[in-house]
Each structure stands twice: as structure tokens, then as C-alpha cells.
Amino acid sequence: MNDLLGKHIVLGLSGGIACYKAAELCRALIKEGATVQVVMTAAAEQFITPVTMQALSNRPVYGSHNASGFDAREANGMPHINLSREADAILVAPCSADFMVKLVHGGADDLLSLMCLARPVDKVPLLLAPAMNREMWAHPATQRNMAQLSADGATILGVGSGFQACGETGDGRMLEPAELLQDVVAFFQPKLLAGRRVLVTAGPTFEALDPIRGITNHSSGKMGFAIARAAQEAGAQVTLVAGPVHLPTPRGVQRIDVKSAQQMLEATMREADRADVFVATAAVADWRPATHSEQKIKKDGSGQPPVLHFTENPDILHTVAQGERARAGQLFCVGFAAESHDLVNNAQAKRARKGIPLLVGNIGPLTFGQDDNEMLLVDEHGVQPLPRASKLALARQLVAEIARRQHPTTSS
Ligand code: CTP
């Protein structure tokens, strides 16, 4: 994807061992389409060389030789002004405890802090990726500084937890480059669902026959996870009820893992009470074994296969759509239809049967496990095709369609 195409990021490095991750981050931002200008403090240069950052960003680095903030190479001699005016965002990663202090006090004795102070606050966002020892992170002074920086308009991207370079274990590690990239991409997405609560079901369900075997399907969960991510990027608070899949949880999304349709129904009903939007992408097994054997079903030597009986599973989407909140228009329900043929007719019939305002049709065998898809939006006005694209791109389009249907005048 080129999610950062046309974006110019000033990547600031302050002193900390996490500087080694900044190299990877720089590369990741560029691979996503951004141009990156690196600015380093003298302390950062103790951890990683400007040569490395220049090679990765393909631009000369502003480093300790610009420490005073003056630069004879620039016509006006004022890199702090030039750099901060052309940036779409300034990202300080790593942001040390000491650099936070400087930002809090509006200090400006090196180019990076000078540039942060000189940036037009309402036009150039400042994103901070803190990195420090767990005691430094937990210290009231650091927490106080962070609260002040947030109040001053900076976006704090949070920290990771785990083994630290000092040998201790806890909170304060800089987030991984892939996580920071997701956060930066999300930052630039329009906040079409700001303040909304979105509930998504995803993946297959697993209906156990015995402790060893069960019935499931080929759903990978990718579309549902992409929708959860897109909704989170759009500013929503997202809960993802996931069947058994091997996918990482999108950043900032609350995930509830379930196995069977019955468990998915229970988790969904608990969450649906406070959701504004429900998107059912899960490929719920229509049937489950009528009985579950506590022990493995063994061959009995007769050569005859066991006779299995099935019971119909609850229809989660239909149950939610028939609930009081959905019928009162407080919960907007979106369904998916995985068909093998005659998509338009099947999808239209399914929308009516499920009693929902919007249904997304796709051809199941062509999408399961794939990273891209093509879809058909079906609503009361008719059908609208969404041409082949990555699942994340389609998810963002769907989020925009949902937002538009909820606030017809305010969103695109
Ligand atoms: N769905 C659900 N609970 C079920 C079955 C389906 O919530 N027990 C939801 C799916 O998440 C999807 C929509 O209903 O959003 C349609 O699912 P699909 O499997 O295509 O349709 P079915 O209702 O199973 O209908 P059919 O088997 O006739 O195609």
C-alpha cells in the first residue's frame, strides 16, 4: 500500500538505545510512500550514526553540526523554520524523558527542540514515541510531562512493554517500527467515526464434535480484521469478536477470542448493547453437531462411519438486527454475504431476510484467504460495486459508506 504517499515526515531522533529502531522506522515510512527528513540530537548520534539515517532516508541528515539551529547551507540560514513549514507531521522517535522536558518547557537549544517549538501548532502535528527505562516511564515527573504535552496538542503514541536494554522488564520500550507505522498511517486517516463504538465479528467458527475434531470453514478473518482496523483508524472505539484465526490484533482494537457460534453470539450480544455500528463479517457455521462427545469418537471396527446429527446455530446478525436498539435506529447493522453464484439476487434477498440496512456481497471462494477482493454494496437504493482492491482499502471505503449513511451531511 502507499498509505503515506505525498506525506512529508520530519523524523526526529533524541538520545536513547531505541535509536536502532528508528532506522527500521525510517525505511518503513519510505516504503509506505512518505518522504522522510531526519533530524538528530547530539545524544542520538551517540546511538546511531547520521550516515545510516542519511542512507535510509536518501537525504542529508540535520544533526549535531546544526546544533545551534543555524545552517549556512540554507538561503535564510533557518532550518528550524524551513523544516517545520514543509512537514505534514513531526515524529520524534525515540522521544527520551529528557527531550520531553525540553518540549514541556519550550526549550530550544538544539535544532530538534527549536524546530518543534517553531512549528505552526495548528498545521503541523507533533507525534511522540517515548522510549525509556520502566522506572523513568512510571516516574510522576514523566507522567506529568506527558499529560502536559498532550494538553499542548502533541499526540503521544504510547510505549511497548517487555525486556529492556537495561536488563529490566516493564513498560517504556519504544513501540516497534511496524506499530509506529500503523499509528502514523492511522493518524492521517479522516476521523469519520470519531467517538462511535463499532463491533465487528470475524473469522470462522469451530463447532466441536469431540475433543479432537470439529467443523469449520476457510474464512481467514482478513476482511473483518481490516474493517476493525479501518474503523479504529477512523476514530471509533472498536471491539472485534474473532473466531479461531491466526492474525495479529489491529492496533488499539479490543479483541475477544471465541470458538463456537454460540460463544460468538454471547460475546456479540454482550457488546451490542453499547455499540453504534455492528459489522458481521464472520463466516458462522450454520450447523453444529447435536451432541458433543467428551471423548474422542473411535472407530468401532464395523467399517461403518458414525452417524452425525446437527442442530442449527443461532443467526447472530439476525438476532442483533431484530434487537430493540437496531430497530430504533441506534445500532446500524451491516452484513456480509459470501455467495458462490448469482451474487446480486442472493445478496438482495439476504439483506431483506436479515432485516438490515446495508449488506456487502462477495464471492466466497474468490476471497477466502486472499489479501484483496471485490465487493457489492446492497442497500434500499440498489447495488453499488466496489472494484477489486486490497481488503484494507475496501474496508476504508466501507467505513466511509457507513459514516455517510449515519451522517449524510457531514461526511464525504
Ligand atoms: N451470520 C451470522 N450468524 C449466522 C450466519 C450468518 O451472524 N449463524 C451473518 C454473517 O456474519 C454474514 C451474514 O450473516 O454477515 C450472512 O452470512 P452467510 O453465511 O452468507 O449467510 P447465511 O445466513 O448463512 O445464509 P445462506 O447459508 O443461505 O447463504
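Computed from a predicted model, the values in this text were never measured in an experiment.

As for the packing of helix α1 (residues 19–31) against helix α8 (residues 177–188)
Okay, step 1: Where α1 meets α8, the axes come as close as 9 Å, and the angle between the chain directions of the two elements is 45 degrees. Between α1 and α8, the angle is such that the two are oblique. Like other packed secondary-structure pairs, α1 and α8 cross with a definite hand, here right-handed. Residues Lys-21, Glu-24, Leu-25, Ala-28 and Leu-29 of α1 lie in contact with α8, whose contacting residues are Pro-177, Leu-180, Leu-181 and Val-184.
Okay, step 2: Considering only residue class, the contact of α1 with α8 consists of seven nonpolar, no polar and two charged.

Details of the packing of aromatic side chains
Okay, step 1: What the rule picks out here adds up to one aromatic pair.
Okay, step 2: Taking 5.6 Å as the distance between ring centres and 85 degrees as the angle between the ring planes, the aromatic pair formed by Phe-187 and Phe-188 counts as edge-to-face.
Okay, step 3: In this structure Phe-187 comes out as partly exposed when scored by relative accessible area, which is 28%.

Some remarks on the domain arrangement of the chain
Okay, step 1: Looking at the assigned domains, one finds that the chain contains domain 1 (8–188) and domain 2 (197–406).
Okay, step 2: Relative to domain 2, the C-alpha centre of domain 1 lies at a distance of 40 Å.
Okay, step 3: Here domain 1 and domain 2 share an interface that buries about 520 Å² over both sides, 45% of which is from carbon and sulfur atoms.
Okay, step 4: Among the residues of domain 1 in contact with domain 2, Gln-182, Val-185 and Ala-186 are the three that bury the most area, contributing 72% of the side total.
Okay, step 5: Where domain 1 packs against domain 2, one counts two salt bridges.
Okay, step 6: Arg-251 is the partner of Asp-183 in a salt bridge, and the nearest nitrogen-oxygen pair spans 2.8 Å.
Okay, step 7: The interface formed by domain 1 and domain 2 contains two residue pairs in polar contact (both at pLDDT 80 or more).
Okay, step 8: Here the residues of the side of domain 1 that touches domain 2 are counted per class, giving four nonpolar, one polar and two charged.

Basis of the calculations
- Residues numbered from 1 in each chain as written.
- Predicted model: local features only at pLDDT ≥ 70, side-chain atom pairs only at ≥ 80, totals over all residues.
- Heavy atoms only, no water.
- Axes fitted to C-alpha atoms, helices over the stretch in contact; angles between N-to-C directions.
- Helix = DSSP H or I, 4+ residues; strand = E, 2+ residues; numbered from the N terminus.
- Parallel < 35°, antiparallel > 145°, perpendicular 65-115°, else oblique.
- Left-handed = near helix turned anticlockwise from the far one by under 90°.
- Contact = heavy atoms within 4.5 Å.
- Nonpolar A, V, L, I, M, F, W, Y, C, P; charged D, E, K, R; others polar.
- Phe/Tyr/Trp six-rings, centres within 6.5 Å; stacked < 30°, edge-to-face > 60°.
- Buried < 20%, exposed > 50% of the residue type's maximum accessible area, 1.4 Å probe, protein only.
- Domains from an automatic or database assignment.
- Buried area = accessible area lost by both parts, 1.4 Å probe.
- Salt bridge = Lys/Arg side-chain N within 4 Å of Asp/Glu carboxyl O.
- Polar contact = N/O pair within 3.5 Å; in protein donor to acceptor, adjacent residues only side chain to side chain.

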